Amino acid sequence: MPAGIVVRGLRKVRTLLADSGGARGLAGKELVRTRELLHECAAGVGGEISARQRAGRLAETYLRLEDEGRATFLRMLATEFGPDPQLVATAHASYQAAIGSDAQWMAESELRKAMRSSRLRILAQFNTLPQGVKFLVDLRADLLRFADTDAALRSLDRELESRLGAWFDVGFLELQRITWSSPAALLEKLIEYEAVHEIRSWSDLKNRLDSDRRCYAFFHPRMPMEPLIFVEVALTDHLADNVQMLLDEQAPVFDAQRASTAIFYSISNTQPGLRGVSFGNFLLKRVVDDLKRDYPRLVSFATLSPLPTFRRWAERNPEAWQQAFSAADLERITRHLKADMAPPADASELAKLLADDRWVNEARLARALQHGLMRLAARYLVTASKGGRPFDPVARFHLGNGARVERLNYLADTSARGRQQSYGLMVNYLYDPDTIEANVEAFSRGGEIAVATAIRRSARD
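Bear in mind the structure is a predicted one, so any value in this text is a computation, not a measurement.

Analysis parameters
- Residues numbered from 1 in each chain as written.
- Predicted model: local features only at pLDDT ≥ 70, side-chain atom pairs only at ≥ 80, totals over all residues.
- Heavy atoms only, no water.
- Helix = DSSP H or I, 4+ residues; strand = E, 2+ residues; numbered from the N terminus.
- pLDDT = per-residue confidence, 0-100.
- Contact = heavy atoms within 4.5 Å.
- 1 Å grid on protein atoms, 1.4 Å probe; cavity = no way out; pocket = protein on both sides within 12 Å on 5 of 7 lines; lining within 4 Å.
- Points joined across faces, edges and corners; volume = space filled by probe spheres on them.
- Nonpolar A, V, L, I, M, F, W, Y, C, P; charged D, E, K, R; others polar.
- Expected span 1.5 Å × (residues − 1).
- Bend = angle between axes of the 7 residues up to and from the residue.
- Phe/Tyr/Trp six-rings, centres within 6.5 Å; stacked < 30°, edge-to-face > 60°.
- Buried < 20%, exposed > 50% of the residue type's maximum accessible area, 1.4 Å probe, protein only.
- Lys NZ or Arg CZ within 6 Å of the ring centre and 35° of its normal.
- Polar contact = N/O pair within 3.5 Å; in protein donor to acceptor, adjacent residues only side chain to side chain.
- Core = buried A, V, L, I, M, F, W, Y, C linked by side-chain atoms within 4.5 Å.
- Pairing = 2+ DSSP bridges.
- Salt bridge = Lys/Arg side-chain N within 4 Å of Asp/Glu carboxyl O.

(A) Just unusual backbone geometry, in detail. With phi around 50 degrees, Leu411 is a residue other than glycine that occupies positive phi space. Considering the arrangement of structural elements, one finds Leu411 in the loop between β9 (404-409) and α20 (416-422). One non-glycine residue with positive phi stands out, namely Tyr423, at about 55 degrees. For Tyr423, the location among the structural elements is in the loop between α20 and β10 (426-431).

(B) Structural view of the confidence of the model for the protein. A residue-level look at the protein finds 95% of positions with pLDDT of 70 or above and a mean pLDDT of 92. For residues 1-7, every residue scores under 50 in pLDDT, and the model assigns this stretch 14 contacts once sequence neighbours within four places are set aside. Within the model, the stretch residues 16-21 combines pLDDT values under 50 with 5 contacts to residues more than four positions away or in other chains.

(C) Just the layout of surface pockets, in detail. Estimates place the volume of the largest pocket at around 1000 Å³. Around the largest pocket, the lining comprises 39 residues; the ones closest to its centre are Ile267, Asn269, Pro393, Val394 and Phe397. Contributing elements (two or more residues each) for the lining of the largest pocket: β4 (261-269), α13 (280-294), β6 (305-306), α19 (393-400) and α20. The element best represented in the lining of the largest pocket is β4, accounting for 6 residues. Across the lining of the largest pocket, the residue classes break down as 18 nonpolar, 15 polar and 6 charged.

(D) Region of interest: helix α18 (residues 363-383). The end-to-end C-alpha distance of α18 is 30 Å, a good match for the 30 Å that 21 residues give at a rise of 1.5 Å each. At Gln370, α18 shows its maximal bend, which comes to roughly 40 degrees.

(E) Expanded view of the packing of aromatic side chains. For the structure on display, the rule yields 11 aromatic pairs. Between Tyr62 and Phe135, the ring centres sit 5.7 Å apart and the planes meet at 85 degrees, which makes this aromatic pair edge-to-face. Here Tyr62, found in helix α3 (residues 48-63), pairs with Phe135, found in helix α8 (residues 132-147); they are 73 residues apart in sequence, far enough to count as distant. One exposure class covers both Tyr62 and Phe135, and it is buried. Taken together, a centroid distance of 5.7 Å and an interplanar angle of 15 degrees make the contact between Trp321 and Phe325 stacked. The class of Phe325 is buried, set by a relative accessible area of 5%. Chaining the aromatic ring pairs together yields one cluster made of Phe310, Trp313, Trp321, Phe325, Tyr380, Phe391 and Tyr423. The residue whose ring lies beneath Arg389 is Phe443, and the NZ or CZ to ring-centre distance is 4.9 Å.

(F) The environment of Asp329, seen in detail. Looking at the element boundaries, Asp329 is found in helix α16 (residues 327-335). Separated by 29 residues in the primary sequence, Asp329 and Ser300 place their C-alpha atoms 35 Å from one another. Among residues more than four places away in sequence, those in contact with Asp329 are Ala324, His371, Gly372 and Arg375.

(G) Spotlight on empty space enclosed by the protein. Considering all chains together, one arrives at 1 cavity of 30 Å³ or more under this definition. Put simply, the largest cavity is a space of about 40 Å³. Forming the boundary of the largest cavity are Leu190, Ile199, Leu205, Arg208, Leu209, Cys215, Phe230 and Glu232. Listing elements by their share of the lining of the largest cavity, those giving two or more residues are α11 (202-208) and β3 (229-236). Across the lining of the largest cavity, the residue classes tally to 6 nonpolar, no polar and 2 charged.

(H) A look at the side chain of Asn317. If you trace the backbone, Asn317 turns up in the loop between α14 (310-316) and α15 (318-324). At a separation of 2.7 Å, a polar atom in the side chain of Asn317 contacts the main-chain carbonyl oxygen of Trp313.

(I) Here's a closer look at the side chain of Arg140. Inspection of the secondary structure assignment puts Arg140 in helix α8. Once residues lying within four places of it in the same chain are set aside, the contact partners of Arg140 are Asp157, Leu160, Glu161, Leu164, Gly273, Leu274 and Arg275.

(J) Looking closely at the nonpolar core. In terms of nonpolar packing, the biggest core is built from 110 residues, with Phe168, Leu291, Trp321 and Trp359 touching the most fellow members. Broken down by element, the residue count for this core peaks at 10 residues, all from α18. Among all residues touching Trp359, those that are not within four sequence positions of it are Met341, Leu354, Leu365, Ala366, Leu369, Leu373, Tyr410, Leu411 and Tyr423.

(K) Representation of the pairing of β3. Among the 8 residues that make up β3, 8 are buried, leaving the element largely enclosed by the rest of the structure. Residues Ile229, Val231, Val233 and Leu235 line one face of β3 and the alternating positions Phe230, Glu232, Ala234 and Thr236 line the opposite face, and both faces are buried. Two elements, strand β2 (residues 213-219) and β3, share 6 bridges in a ladder whose sense is antiparallel. Of the residues in β3, the one forming a bridge with Arg214 is Val233. Two strands pair when backbone bridges link them, and β3 and β4 are joined in this way by 8 bridges, in the antiparallel orientation. Note on β4: the bridge partner recorded for Ala234 is Ile263.

(L) Here's a closer look at the pattern of salt bridges. Taken as a whole and judged by the stated rule, the model has 33 salt bridges. Between Arg140 and Glu161 there is a salt bridge, and its shortest N-O distance comes to 3.4 Å. Of this pair, Arg140 sits in helix α8 while Glu161 is found in helix α9 (residues 154-167), placing the two residues 21 residues apart along the sequence. When its relative accessible area of 26% is taken as the criterion, Glu161 is described as partly exposed. Linking Asp294 and Arg293 is a salt bridge whose minimum nitrogen-to-oxygen distance equals 3.5 Å. The exposure class assigned to Asp294 is partly exposed, which follows from its relative accessible area of 36%. A residue is classified by how much of its surface remains accessible, and Arg293, at 57% relative accessible area, is exposed. One continuous salt-bridge network, built from bridges that share partners, spans Glu194, Arg200, Asp204, Arg208, Glu232 and Glu249.

Spelled out as C-alpha cells, the structure:
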C-alpha cells in the first residue's frame with residue numbers, strides 16, 4: 001500500500017468511526033499481526049518508506065479499536081518493548097565498576113543506551129506521519145485514562161510525556177490572534193474546546209471576537225488547525241466583576257482605544273494528551289506583550305476566574321462553615337428563608353440549604369448569605385491546600401505565574417456551571433509587572449501566596 005494513501009487515511013478513519021461507531025477489539029490474527037508490525041518498527045526493518053507504511057497501518061489499526069482493544073495495544077507496547085533487564089543489569093555493573101576511572105564516561109554512555117527502550121523508536125515513527133503528532137497527543141489522552149487502573153502503562157506514559165514536552169517546547173509554538181475572519185473550521189474548534197464559559201451560539205462567539213475583545217492561541221506547526229491553548233480577553237476601563245456582563249451580546253461595544261485594563265476571562269487547554277506539558281504561563285506573557293504594543297494605555301492585567309473546586313471543598317468541610325458564618329449571619333439567613341426552606345440548625349447545614357439553587361434569585365436571602373460565603377471563599381483560597389499547594393487548580397496556575405489574589409466577586413457567575421462550581425463566586429487575579437517575579441519566587445520556594453490585604457483579613461476573621 002503506498003505510504004501516501006496510508007497517512008492520508010488517518011483523518012478519514014477518525015471521521016468514519018465517529019459517524020459509524022465502527023470500533024472493534026484487538027484479538028486473534030489482528031493481534032498477532034499488530035505485534036509483528038510493532039517488532040518490525042522497533043527493529044527498524046526496511047527503509048524510510050517501509051517504516052512510514054508500517055506506522056500508518058499501526059495508527060489506522062489503533063484508531064479503529066474500541067477502548068478495550070486500545071488498552072491491549074498500549075499494554076503490549078508498554079510491556080514488550082521496554083529496556084532489556086539483562087542488558088541494563090550488565091551495563092549498570094560495568095558502570096559501577098568504572099566509577100572513578102577513565103572508563104566511567106564510556107560506561108555511562110553504554111548504561112544510557114541500555115536504558116533506552118525500543119518504545120521510543122516506535123513513537124518516533126508515528127511522529128513522521130503527517131497526522132502523527134496529533135495521533136500521539138490523542139494516544140496519550142487514552143494512556144492517561146487507562147494508566148489510572150493499569151500501572152504497567154505508566155512507564156510508557158512518562159516516556160511519551162517527555163517526548164511531547166520536547167516536541168511542544170514553547171520555542172516551537174506560534175502565537176496567533178483568532179478573529180471573526182479566521183477559518184470557519186478554526187472557529188468551530190473554539191466552540192468545541194471552550195472549557196470555562198460555554199459558547200452558546202455563533203452570535204455569542206462573534207461577540208467574544210468583537211473590536212473590544214481579543215482571542216489568542218498557541219499552535220504547533222504540525223497541528224496548524226488545532227489550538228493547544230487559547231485565552232479570551234476583554235478590553236475595559238475597570239476590574240470586571242461579573243462574567244454575565246462581559247458575555248452580554250446586547251452590551252454596547254467599548255472603545256478599545258480607551259481601555260486601561262485587560263481582563264483574561266477564559267483560558268482553555270484543548271488537548272488532554274498534553275497534560276503535564278505546560279505553556280499557559282508563556283501564553284499569558286506573550287499576550288500581555290502583544291496587547292501593550294497595540295494599546296499603550298493599558299496599565300492593568302487581570303483575570304476574572306472561576307473557583308472550580310470551591311463548592312466541592314466546602315461540602316466536604318462542614319467545620320469551615322462554622323468558622324465562616326457567625327450566629328448573626330445565621331439569624332439573618334433564617335429570617336429570609338422561604339416558607340418551604342428548612343432553617344439550618346447550625347452553619348454546617350448551610351451546604352444543604354445552598355443545594356437548592358433558588359437562593360440565588362431570592363435577593364434578601366442572597367444578601368444574608370453574602371458575608372459568610374465571601375469569608376468562606378477567602379479561607380478556601382488562602383488556607384485550603386493539596387500537596388503543599390493551593391487546593392484550587394486555577395489558583396495554582398495563576399499564583400504559580402506570579403499573580404496576586406486581588407478580589408472576590410459575589411454572584412459573578414450565576415449560570416448553572418457557576419453555581420455548581422462555586423455558588424456563583426469568581427475571583428480576580430492581578431498580574432502586576434512590578435511584583436510578578438517576586439511572587440513567582442516566593443510561591444515556588446515556600447508556597448507563599450500573594451493576596452490582597454482585604455482577602456487575607458477576611459480569611460483570618
